[in-house]
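Below are the chains, spelled out letter by letter.
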Amino acid sequence: MKAMTGEERKQLIEEIIRMHTDGELTLGMAIRRLRLEVTGFDQETFAQMCGMSIRALYQLETDKGNPTLSTVDSILRKFGLRMGIMGAMRSNRILTSAVKDSSVSECAISRGAKPKGMARHRPASGKSFKAAKKSEADGGTAS
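Right, let's walk through the structure included here. Please read all numbers here as calculations on a predicted model, not as lab measurements.

### Remarks on the environment of Met4
Now for step 1: With respect to the helices and strands, Met4 occurs in the segment before helix 1 (6–21).
Now for step 2: Sequence spacing of Met4 and Thr39 is 35 residues, and the spatial spacing of their C-alpha atoms is 9.8 Å.
Now for step 3: Look past the residues within four positions of Met4 in its chain and what remains in contact with it is Arg9, Leu12, Glu37 and Val38.

Right, dumping it as C-alpha cells:
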C-alpha cells in the first residue's frame, strides 16, 4: 500500500463520508473502506486494535451484525470521526424499475427502507392481503 499524505487521507475520509451520506455506501461498507484504504490493516489486526472479535468486525462490515452504538462510535473515532444526528435526506439517485406492469416506473431510493413502489401493496379497502388475493382469484366477488 502506497503511503498517503495527511491531505490525501483527509480527502479519502471525506469521500467515504459523502458516499455514505448520499446512500451509496452502507455503514458496514464505509467502515470496511476506512479500514482497508486508510489504515491498510487486515481484519485480524484492526479487530484487535478495536478490542473486538474478527467475527464481530466481519459482521459489522457486511451489515449482518448488530453492533452497539458504543462499538461503532469507538471504531469511527479511530479515524477522527464520531457519530451524530443528521436529517433524513432522500438520495438523488433514481431507480428505474424493470417491472412495467406497475404504475411506478421510477422511484427515489431512501436509505434504510425499501424504495417506494417496491413494498408489498396493501389493499385500500381494509381487507387483509390474503383476503384481497383470494378475492382476485375468485374474480373479485368475495368480500
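### Side note on unusual backbone geometry
Now for step 1: Here the phi dihedral of Asp63 falls at roughly 60°; this positive angle occurs in a residue that is not glycine.
Now for step 2: Note on Asp63: relative accessible area 42%, which makes it partly exposed.

### Section: the pattern of salt bridges
A side chain of one charge can pair with a side chain of the opposite charge if their charged atoms are brought near each other.
Now for step 1: For the structure shown, the criterion picks out seven salt bridges.
Now for step 2: The partner of Arg18 in a salt bridge is Glu24, with the nearest N and O atoms 3.4 Å apart.
Now for step 3: Through salt bridges with shared partners, a single ionic network connects Glu15, Arg33 and Glu37.

### Description of the packing of helix 2 (residues 27–39) against helix 4 (residues 54–61)
Now for step 1: Across the interface, helix 2 lies against helix 4 with an axial gap of 7 Å and an inter-helix angle of 120°. In terms of orientation, helix 2 lies oblique with respect to helix 4. Residues Gly28, Met29, Ile31, Arg32 and Arg35 of helix 2 form the contact with helix 4, whose own contacting residues are Leu57, Leu60 and Glu61.
Now for step 2: By residue class, the composition of the contact of helix 2 with helix 4 is four nonpolar, one polar and three charged.

### Digging into the side chain of Asp73
Now for step 1: Here Asp73 shows up in helix 5 (residues 69–77).
Now for step 2: On the accessibility criterion, Asp73 (19% relative accessible area) is buried.
Now for step 3: Polar contacts involving the side chain of Asp73 include one to the main-chain amide nitrogen of Met83, which spans 3.2 Å.
Now for step 4: In this view, Asp73 contacts Arg82 and Met83; residues no more than four positions away in its chain are not counted.

### Quick look at the side chain of Glu61
Now for step 1: Within the secondary structure, Glu61 is located in helix 4.
Now for step 2: Taking the relative accessible area as the measure of exposure, Glu61 reaches 4% and is therefore buried.
Now for step 3: The contacts of Glu61, once residues within four sequence positions are left out, are Gly28, Met29, Ile31, Arg32, Arg35 and Gln43.

Analysis parameters
Residues numbered from 1 in each chain as written. Predicted model: local features only at pLDDT ≥ 70, side-chain atom pairs only at ≥ 80, totals over all residues. Heavy atoms only, no water. Helix = DSSP H or I, 4+ residues; strand = E, 2+ residues; numbered from the N terminus. Contact = heavy atoms within 4.5 Å. Buried < 20%, exposed > 50% of the residue type's maximum accessible area, 1.4 Å probe, protein only. Salt bridge = Lys/Arg side-chain N within 4 Å of Asp/Glu carboxyl O. Axes fitted to C-alpha atoms, helices over the stretch in contact; angles between N-to-C directions. Parallel < 35°, antiparallel > 145°, perpendicular 65-115°, else oblique. Nonpolar A, V, L, I, M, F, W, Y, C, P; charged D, E, K, R; others polar. Polar contact = N/O pair within 3.5 Å; in protein donor to acceptor, adjacent residues only side chain to side chain.

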